[in-house]
Amino acid sequence: AQSVTQPDIHITVSEGASLELRCNYSYGATPYLFWYVQSPGQGLQLLLKYFSGDTLVQGIKGFEAEFKRSQSSFNLRKPSVHWSDAAEYFCAVDGGSQGNLIFGKGTKLSVKP
Amino acid sequence: DVKVTQSSRYLVKRTGEKVFLECVQDMDHENMFWYRQDPGLGLRLIYFSYDVKMKEKGDIPEGYSVSREKKERFSLILESASTNQTSMYLCASRYRDYEQYFGPGTRLTVT
């Protein structure tokens, strides 16, 4: 069965520092992969997605992610974090023919001034 | 611009009440989903629908039912609310194999 693991429950970084959030997936075929962000009390907003092609994908708000098939990973990165990036981040994989997404448990990002 | 709306942001209900959560999308998407979100558990799929009057159980359907009479509207029903159904409920819609779009969520408290 498909699954997504986000090993870090909570990460704290200083404003201006770089960020990498980890995501590992389990999926038999070429996956469709997504990163979503959720601000407190809000719904989920799509940051970026990978369907095929270039393994480095660019998203909104200066985020990027790299698909590495050999490592079954799809890590999210940002070169310089802003205080407004404090939120919870979810990695997801397409669950298949039913159209649902399988989500990781999320990584909460805190940003120190 | 893509839009998914949910009828309430916050809802407080009593144990045993029948509760309706409404979700409307304006994108003509075939697929719609209901998730619940709990701290430490992430998002879990309750039900989804791939067409009008069609529905499929997700991972945690117990205690819930759904209704989809029109393509744009997908309702989640708690037949008899219980305290363990206190949670954040998120609705989403999706066109074929593309990304899901989420509503703002309904935070339900059952007392």
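What this report covers is the structure whose coordinates are included nearby. As the structure is a prediction and not an experimental result, all values here were calculated from the model.

The rules behind each value
Residues numbered from 1 in each chain as written. Chains lettered and ligands numbered in written order. Predicted model: local features only at pLDDT ≥ 70, side-chain atom pairs only at ≥ 80, totals over all residues. Heavy atoms only, no water. Helix = DSSP H or I, 4+ residues; strand = E, 2+ residues; numbered from the N terminus. Rg over C-alpha atoms; globule rule 2.2 N^0.38 Å. Buried < 20%, exposed > 50% of the residue type's maximum accessible area, 1.4 Å probe, protein only. Contact = heavy atoms within 4.5 Å. Areas by Shrake-Rupley, 256 points an atom, 1.4 Å probe, with all protein chains shown as cover. Lys, Arg positive; Asp, Glu negative; His and termini not counted. Charge placed at Lys NZ, Arg CZ, Asp CG, Glu CD. Core = buried A, V, L, I, M, F, W, Y, C linked by side-chain atoms within 4.5 Å. Pairing = 2+ DSSP bridges. Axes fitted to C-alpha atoms, helices over the stretch in contact; angles between N-to-C directions.

**Some remarks on the overall build of chain A**
Across its full length, chain A carries zero helices and 12 strands. In chain A, the succession of α and β elements from N to C terminus is β-β-β-β-β-β-β-β-β-β-β-β. Taking 13 Å as the expected radius of gyration for a compact globule of 113 residues, we find that chain A reaches 13 Å, a close match to that expectation. Across its three principal axes, chain A shows a C-alpha extent of roughly 45 × 30 × 20 Å. The proportion of buried residues among the 113 residues of chain A is 45%. Relative to all contacts within chain A whose residues are 6 or more apart in sequence, the contacts with residues 24 or more apart total 53%. As displayed, chain A offers around 5,400 Å² of accessible surface, 48% of which is attributable to carbon and sulfur atoms. A distance of 3 Å separates the average location of the 10 positive side-chain charges in chain A from that of its 9 negative side-chain charges.

**Side note on the overall build of chain B**
Regarding its fold elements, chain B presents zero helices and 11 strands. Starting at the N terminus and ending at the C terminus, chain B contains elements arranged as β-β-β-β-β-β-β-β-β-β-β. Computed over the C-alpha atoms, the radius of gyration of chain B is 13 Å, within 12% of the 13 Å expected from 2.2 N^0.38 for a compact globule of 111 residues. Structurally, chain B occupies a C-alpha span of about 35 × 25 × 25 Å along its principal axes. Every one of the 111 residues in chain B was classed for burial, and the buried ones make up 49%. The long-range fraction of contacts in chain B, counting pairs at least 24 apart against all pairs at least 6 apart in sequence, stands at 54%. About 5,500 Å² of surface is accessible on chain B, with carbon and sulfur atoms providing 48% of the total.

**Some words on the nonpolar core**
Residue and element names in this part refer to chain A. Residues L19, W35, L47, L48, F74, L76 and Y89 are the most contacted members of the largest nonpolar core, which totals 26 residues. The set of elements that each furnish at least two residues to this core consists of strand 2 (10-14), strand 3 (19-21), strand 5 (33-38), strand 6 (44-50), strand 8 (64-68), strand 9 (73-78), strand 10 (87-94) and strand 12 (107-112). Examining the composition of this core, we find that four residues originate from one element, strand 10, more than from any other.

**Some remarks on unusual backbone geometry**
If you check the backbone angles, K61(A) has positive phi at about 60° while not being a glycine. With respect to the helices, strands and loops of the structure, K61(A) is situated in the loop between strand 7 (56-58) and strand 8. Residue K61(A) is classed as partly exposed on the basis of its relative accessible area, which comes to 45%. The phi angle at D28(B) is positive, at roughly 60°, despite the residue not being glycine. Along the chain, D28(B) turns up in the loop between strand 3 (19-25) and strand 4 (31-38). Note on D28(B): relative accessible area 52%, which makes it exposed.

**Some thoughts on the sheet that holds strand 1 (residues 4-6) of chain B**
Strands in a sheet are paired, the pairing made by backbone hydrogen bonds, and the direction either parallel or antiparallel. Residues and elements named next belong to chain B. With antiparallel pairing, the four strands of this open sheet are ordered in space as 1-3-8-7. Strands at the two margins of the open sheet, each flanked by one partner only, are strand 1 and strand 7 (64-70). Averaged over all pairs of adjacent strands, the angle between strand axes in this sheet comes to 20°, irrespective of strand direction. Pairing geometry for strand 1 and strand 3, over three bridges, is antiparallel. For V4, the partnering residue across the bridge sits in strand 3 and is Q25.

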